[in-house]
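Structural description and commentary
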Amino acid sequence: MTVRVGVIGAGMIGQDHVRRLTEVVTGAEVVAVTDLDAERAAPVAAEVGARAVTDGADLIGQSDVDAVVVTSWGPTHAEHVLAAIAAGKPVFCEKPLATTEEDCRRIVEAEIACGRRLVQVGFMRRYDAGYREMKRVLDAGEIGTPLMVHCAHRNASAPESYRSEMAAQDTAVHEIDVLRWLLSDEIVSAQVIKPRATTKRYPHLQDPQIMLFETAAGVRVDLEVFVNCRYGYDIQCETVGETGLVRLPDPASPLVRSAGTSRVAVHQDWRDRFAAAFDVEFQEWVNTLAAGVEPTGPSAWDGYAATVITDATVEALHSGGVVGVAIKDRPEFYAGDVR
Ligand code: NAD
Ligand code: ISE
């Protein structure tokens, strides 16, 4: 069975996912595309033989759209995800699930009321081979009980529209999700330290930031978010346990010796660093839909938890203190989540 997909939002990642669903993933076909900017949607749709439609509601209502991909701006996600649930259609939503806790809870409640899992959130790191191997090592107890995690999330540069709060909401949200998953644990507090700011930033931005998290089991996490590091896109993660440590590998790149130097290139952005993870993420999502089973990836509950934790991190950025994270008890409906 071919899964017929409609894509809402034909910007940077939307275009990448349309290409991925068309050229890489098997068993899927993009049949409809929409964007606030109709002139952007039209060529993206035409390129893959799909049609451009008026808006998200129109796209979700099309009878040949079996499943929906939401890649529009974050504040519009809730509206599209809720409409897809109301139509009984599976929906893959790029992060964040929604930009407010209230909207995340509305989505969770709508999905529970509908009685089956329809929502998957685009936390693609869970599909990265390196992170998956880290999780296997941790789950197998090979380094004993985890005690500390040291992480870094560096982007080469951030645009002028990037605000200090986005370090948590847009950037650290990936670590927030992947750490909950890696450790099978919940984050219970957040704090933000402000080091000396880089001169290579727009003046309104606090960059870098060091975020400190604590989990329910007492694991301490330090995360450096540095979005103007200039040298490339660099993701680091090391978990220290009672009897060993496990470190995220850098993606394979050839070592080049030339002109008296020995060097390995660093990736330049998230698209190439996580390309393989995005491919696996979409293939697994399409496979579940084709098999008629519920998606197994990050759930609406994970999207809700991530937003509550990023909200606490933003509060910590502004207050300078340690802020507790108030996540509700996980409903029985999500008890089977992979954690
Ligand atoms: P973008 O600005 O390049 O594209 C967003 C597109 O959505 C724009 O073309 C805009 O016109 C369109 N749009 C906005 N509201 C819409 C609506 N209501 N209906 C239809 N179209 C609408 O942004 P982007 O970088 O592609 O990011 C899109 C989403 O993907 C964001 O939520 C972002 O956080 C997420 N993202 C995820 C990753 C990742 O690593 N998983 C990376 C980048 C972006
Ligand atoms: C962007 O939205 C992403 O999701 C990238 O993975 C992240 O590295 C970047 O900082 C965000 O702006």
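In this text, all values refer to a predicted model and were calculated from it rather than measured experimentally. (Residues numbered from 1 in each chain as written. Chains lettered and ligands numbered in written order. Predicted model: local features only at pLDDT ≥ 70, side-chain atom pairs only at ≥ 80, totals over all residues. Heavy atoms only, no water.)

Re the pattern of salt bridges
Applying the stated criterion to the full structure yields 24 salt bridges. A salt bridge links aspartate 64 to arginine 51; the shortest N-O distance between them is 2.6 Å. Linking aspartate 64 in the loop between α3 (56-61) and β4 (67-70) with arginine 51 in strand β3 (residues 51-52), this pair joins segments that are 13 residues apart in sequence. Look at arginine 51 and you get partly exposed, because its relative accessible area is 31%. Of the charged contacts, one joins glutamate 165 and arginine 163 as a salt bridge, the two residues approaching to 3.5 Å between their closest N and O atoms. On the accessibility criterion, glutamate 165 (19% relative accessible area) is buried. The partly exposed category is assigned to arginine 163, whose relative accessible area is 41%. Taken together, the shared-partner salt bridges in this structure form one network comprising Arg126, Asp177, Arg180, Glu186 and Asp302. (Salt bridge = Lys/Arg side-chain N within 4 Å of Asp/Glu carboxyl O. Helix = DSSP H or I, 4+ residues; strand = E, 2+ residues; numbered from the N terminus. Buried < 20%, exposed > 50% of the residue type's maximum accessible area, 1.4 Å probe, protein only.)

Concerning the environment of arginine 201
Assignment of secondary structure puts arginine 201 in the loop between β8 (187-193) and β9 (209-215). A relative accessible area of 27% places arginine 201 in the partly exposed class. For the pair arginine 201 and valine 31, spaced 170 residues apart in sequence, the C-alpha separation works out to 41 Å. What arginine 201 contacts, discounting residues up to four positions off in sequence, is Asp207 and Asn228. At 2.7 Å, the side chain of arginine 201 forms a polar contact with the backbone oxygen of leucine 205. (Contact = heavy atoms within 4.5 Å. Polar contact = N/O pair within 3.5 Å; in protein donor to acceptor, adjacent residues only side chain to side chain.)

Examining the site of ligand 2
Within the structure, ligand 2 sits among Lys95, His153, Asn155, Asp170, Thr171, His174, Tyr233 and Trp270. Interatomic distance of 2.7 Å between a side-chain N/O atom of histidine 153 and an oxygen atom of ligand 2. The leading source of residues in the shell around ligand 2 is helix α7 (residues 166-183), at three residues. (Near = heavy atom within 4 Å.)

Observations regarding the site of ligand 1
Neighbouring residues of ligand 1: 24 residues in total, closest Ile13, Asp35, Arg40, Trp73 and Lys95. Measuring from an oxygen atom of ligand 1, one finds a backbone N or O atom of methionine 12 at 2.9 Å. For ligand 1, a nitrogen atom lies 3.1 Å from a polar atom in the backbone of leucine 36. For ligand 1, whose unbound accessible area comes to 850 Å², protein coverage reaches 86%. Contributions of two or more residues to the shell around ligand 1 are made by α1 (12-24), α4 (77-86) and α7. Here the residues of the shell around ligand 1 are counted per class, giving nine nonpolar, 10 polar and five charged. (Areas by Shrake-Rupley, 256 points an atom, 1.4 Å probe, with all protein chains shown as cover. Nonpolar A, V, L, I, M, F, W, Y, C, P; charged D, E, K, R; others polar.)

Points about the sheet that holds strand β1 (residues 3-8)
Neighbouring strands of a sheet are bound in pairs by backbone hydrogen bonds; such pairs are parallel or else antiparallel. Pairing is parallel in the open sheet, where six strands are placed in the order β3-β2-β1-β4-β5-β6. What marks the edges here is a single partner per strand, and that holds for β3 and β6 (119-122). Relative to β4, β1 runs parallel, the two sharing four bridges. Paired with valine 7 across the two strands is valine 69, which belongs to β4. (Pairing = 2+ DSSP bridges.)

Here's the deal with the nonpolar core
Val68, Val81, Ile107, Val119, Tyr131, Met211 and Phe213 are the most contacted members of the largest nonpolar core, which has 80 residues in total. For this core, the element with the most residues is α7, which contributes 11 residues. A domain split of this core shows at least three residues from each of domain 1 (3-122) and domain 2 (128-269 + 305-324). Apart from the residues within four sequence positions on either side, valine 68 is in contact with Gly6, Ile8, Leu59, Ile60, Ala84, Pro90, Val91, Phe92 and Trp285. In terms of nonpolar packing, the next biggest core, distinct from the first, is built from 21 residues, Ala10, Val69, Trp285 and Val286 among them. (Core = buried A, V, L, I, M, F, W, Y, C linked by side-chain atoms within 4.5 Å. Domains from an automatic or database assignment.)

Some remarks on the packing of helix α6 (residues 129-139) against α7
Two numbers describe how α6 lies on α7: the axes approach to 9 Å, and their chain directions differ by 35 degrees. Where α6 abuts α7, its residues Tyr131, Arg132, Met134, Lys135, Leu138 and Asp139 lie against Val178, Trp181 and Leu182. Each residue belonging to the contact of α6 with α7 can be placed in one class, and the counts come to six nonpolar, no polar and three charged. (Axes fitted to C-alpha atoms, helices over the stretch in contact; angles between N-to-C directions.)

Some thoughts on the pairing of strand β5 (residues 91-94)
Side chains Val91 and Cys93 project from β5 onto one buried face, and the interleaved Phe92 and Glu94 project onto a second face that is buried too. Two elements, β4 and β5, share three bridges in a ladder whose sense is parallel. Following the sheet pairing, valine 68 is matched in β5 by valine 91. Relative to β6, β5 is paired through four bridges, and the arrangement is parallel. Along β6, the bridge assignment pairs cysteine 93 with valine 121. For the handedness criterion, the β-α-β arrangement of β5, helix α5 (residues 101-114) and β6 is classed as right-handed. (Right-handed = clockwise from strand over helix to strand, strands pointing away.)

Some thoughts on α1
The terminal C-alpha atoms of α1 lie 17 Å apart, and with 13 residues this matches the ideal 18 Å at 1.5 Å per residue to within 8%. Among the residues making up α1, those that are buried are Ile13, Gly14, Asp16, His17, Val18, Arg20 and Leu21. (Expected span 1.5 Å × (residues − 1).)

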